[in-house]
Amino acid sequence: MKHLLKMLDLTSEDITGILNLADQLKYEQKHGIEHRHLAGKTLGMIFEKASTRTRVSFEVGMYQLGGLPIFLSVNDLQIGRGEPVQDTARVLSRYLDGIMIRTFKQSEVEALAQNGSIPIINGLTDFSHPCQVLADLMTIREYKGSLEGLKLCFIGDGNNMMNSLIVAGLKMKMEVAVACPAEYKPSAAVLDFAVTHPAFSITTDPKEAAKGADVVITDVWSSMGMEDEEKKRREAFKGFQVNEEIMSAAKSDAMIQHCLPAHRGEEITEEMFEKHAKEIFDEAENRLHAQKAVLVTLLGKK
């Protein structure tokens, strides 16, 4: 494992290794055990999209691991003024030990990896959100004990979260059911991967997808960069709200995950959000621990 670009690139062994390390690092932090595995290492963090959880968790994670995080706004880099991404990759590779980038196009992340000589971490693109999904899997495993055989249900847009959860869930031998409007399906590349797995299903009926689910996951209907589509999307996603009726189809002990920020009253009701708030904020905390595991795996001593 040289980079973290998208879930399609990882094996089930890669995922398990990251989750096991994340559990260990979380235990050590909670018990005051220092783990400065990245002392002297530097992580450049390129942000083209705004962030709360990604920026703070990566900065804190690098600090706790003994390394130095450097925030790089795209507005402050020459890449924001037309420098080719391949040139930026080659320059930054001479200064840094790794790069985390949060941007729009998956192709930018892939280009950094192809042209640079240091590990690249996808902090989010329109196609994939691997850091978030690793934290989701970590949280589900904490609550349920294991992943294999559980039913994971995602209700909402066929966005980066649905793409990543489908792939990750199937690789971890979970049953994966997703529900979305017909015109908002996940990417063709993800569907090509998923349809070869008998444990995968896709439907336009959220209640059918949630039937017998161990975990129900949702996300906002309009992600960053889609603000002009909000009205259209609210209409298209009517009936796809995670509410009491939907959760009644899931198992009685089903948990809810949401990558945040949440638009309460849209993709999830206030009641369901607050009822499952502990699970959701444990998930948010686990961004820190899962990403520290990724950092140690990619930037640590081999």
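Provided above is the structure to which this section pertains.
Residues numbered from 1 in each chain as written. Predicted model: local features only at pLDDT ≥ 70, side-chain atom pairs only at ≥ 80, totals over all residues. Heavy atoms only, no water.

Engineer: Lay out unusual backbone geometry in plain terms, naming residues and giving numbers.
Structural biologist: The linkage connecting L260 with the following residue, P261, adopts the cis geometry, with an omega of 0°. Within the secondary structure, P261 is located in the loop between β9 (255-258) and α11 (270-275). Even without a glycine there, the phi angle at K173 is positive, about 60°. With respect to the helices and strands, K173 occurs in the loop between α6 (160-171) and β6 (175-179). Since its relative accessible area comes to 56%, K173 is described here as exposed. Unlike most non-glycine residues, L260 shows phi in positive territory, near 65°. (Helix = DSSP H or I, 4+ residues; strand = E, 2+ residues; numbered from the N terminus. Buried < 20%, exposed > 50% of the residue type's maximum accessible area, 1.4 Å probe, protein only.)

Engineer: Quick rundown of the sheet that holds strand β4 (residues 120-124)? Include the residues and the values.
Structural biologist: Taken together, the 4 strands give an open sheet; going across it, the order is β2-β1-β3-β4, and neighbouring strands pair in parallel fashion. Across the chains shown, the open sheet's two edge strands, defined by having one partner strand only, are β2 (68-73) and β4. Within this sheet the neighbouring strands show an average axis-to-axis angle of 20°, counted without direction. (Pairing = 2+ DSSP bridges. Axes fitted to C-alpha atoms, helices over the stretch in contact; angles between N-to-C directions.)

Engineer: Now, about the pairing of β2: what can you tell me, with residues and values included?
Structural biologist: Of the strand pairs in this sheet, strand β1 (residues 42-47) and β2 are connected by 6 bridges, and their pairing is parallel. The partner of M45 across the bridge, within β2, is F71.

Engineer: Explain the pattern of salt bridges to me, and be specific about the residues and the numbers.
Structural biologist: Opposite charge on two side chains permits them to pair, given that their charged atoms come into close proximity. The final tally for this structure, using the stated rule, is 19 salt bridges. The partner of K49 in a salt bridge is D126, and the shortest N-O contact between them spans 2.8 Å. Of this pair, K49 sits in the loop between β1 and α2 (53-64) while D126 sits in the loop between β4 and α5 (130-144), and the two are 77 residues apart along the sequence. Taking relative accessible area as the criterion, K49 reaches 5% and is therefore assigned buried. Classification of D126 as partly exposed rests on a relative accessible area of 40%. Between D157 and R233 there is a salt bridge, with its nearest N and O atoms 3.0 Å apart. Pair noted here: D157 is in the loop between β5 (151-155) and α6 and R233 is in helix α9 (residues 230-236), with a separation of 76 residues, a long-range link. (Salt bridge = Lys/Arg side-chain N within 4 Å of Asp/Glu carboxyl O.)

Engineer: So what's going on with the packing of aromatic side chains? Which residues, and what values?
Structural biologist: Counted according to the given criterion, the structure contains 5 aromatic pairs. Considering the side-chain rings of Y184 and F237, the 5.0 Å spacing of their centres and the 40° angle between planes classify their relative orientation as tilted. One end of the pair, Y184, is in the loop between β6 and α7 (188-194); the other, F237, is in the loop between α9 and α10 (244-249), with 53 residues separating them in the sequence. Neither residue differs from the other here; Y184 and F237 are each classed as buried. Note on W221 and F237: the rings are 5.6 Å apart at their centroids and 15° apart in plane angle, and the pair reads as stacked. Highlighted residues: W221 in the loop between β8 (215-218) and α9 and F237 in the loop between α9 and α10, separated in sequence by 16 residues. By relative accessible area, which is 6% here, W221 ends up buried. A relative accessible area of 0% means that F237 is categorised as buried. Chaining the aromatic ring pairs together yields one cluster made of Y184, W221, F237 and F240. If you follow R55 out to its NZ or CZ, it ends over the ring of F71, 3.7 Å from the centre. (Phe/Tyr/Trp six-rings, centres within 6.5 Å; stacked < 30°, edge-to-face > 60°. Lys NZ or Arg CZ within 6 Å of the ring centre and 35° of its normal.)

Engineer: Run through the side chain of H129, naming residues and quoting values.
Structural biologist: In this fold, H129 is placed in the loop between β4 and α5. In this structure, H129 is in contact with R102, G123, L124, N160, M161, S164 and R287, ignoring residues within four places of it in sequence. (Contact = heavy atoms within 4.5 Å.)

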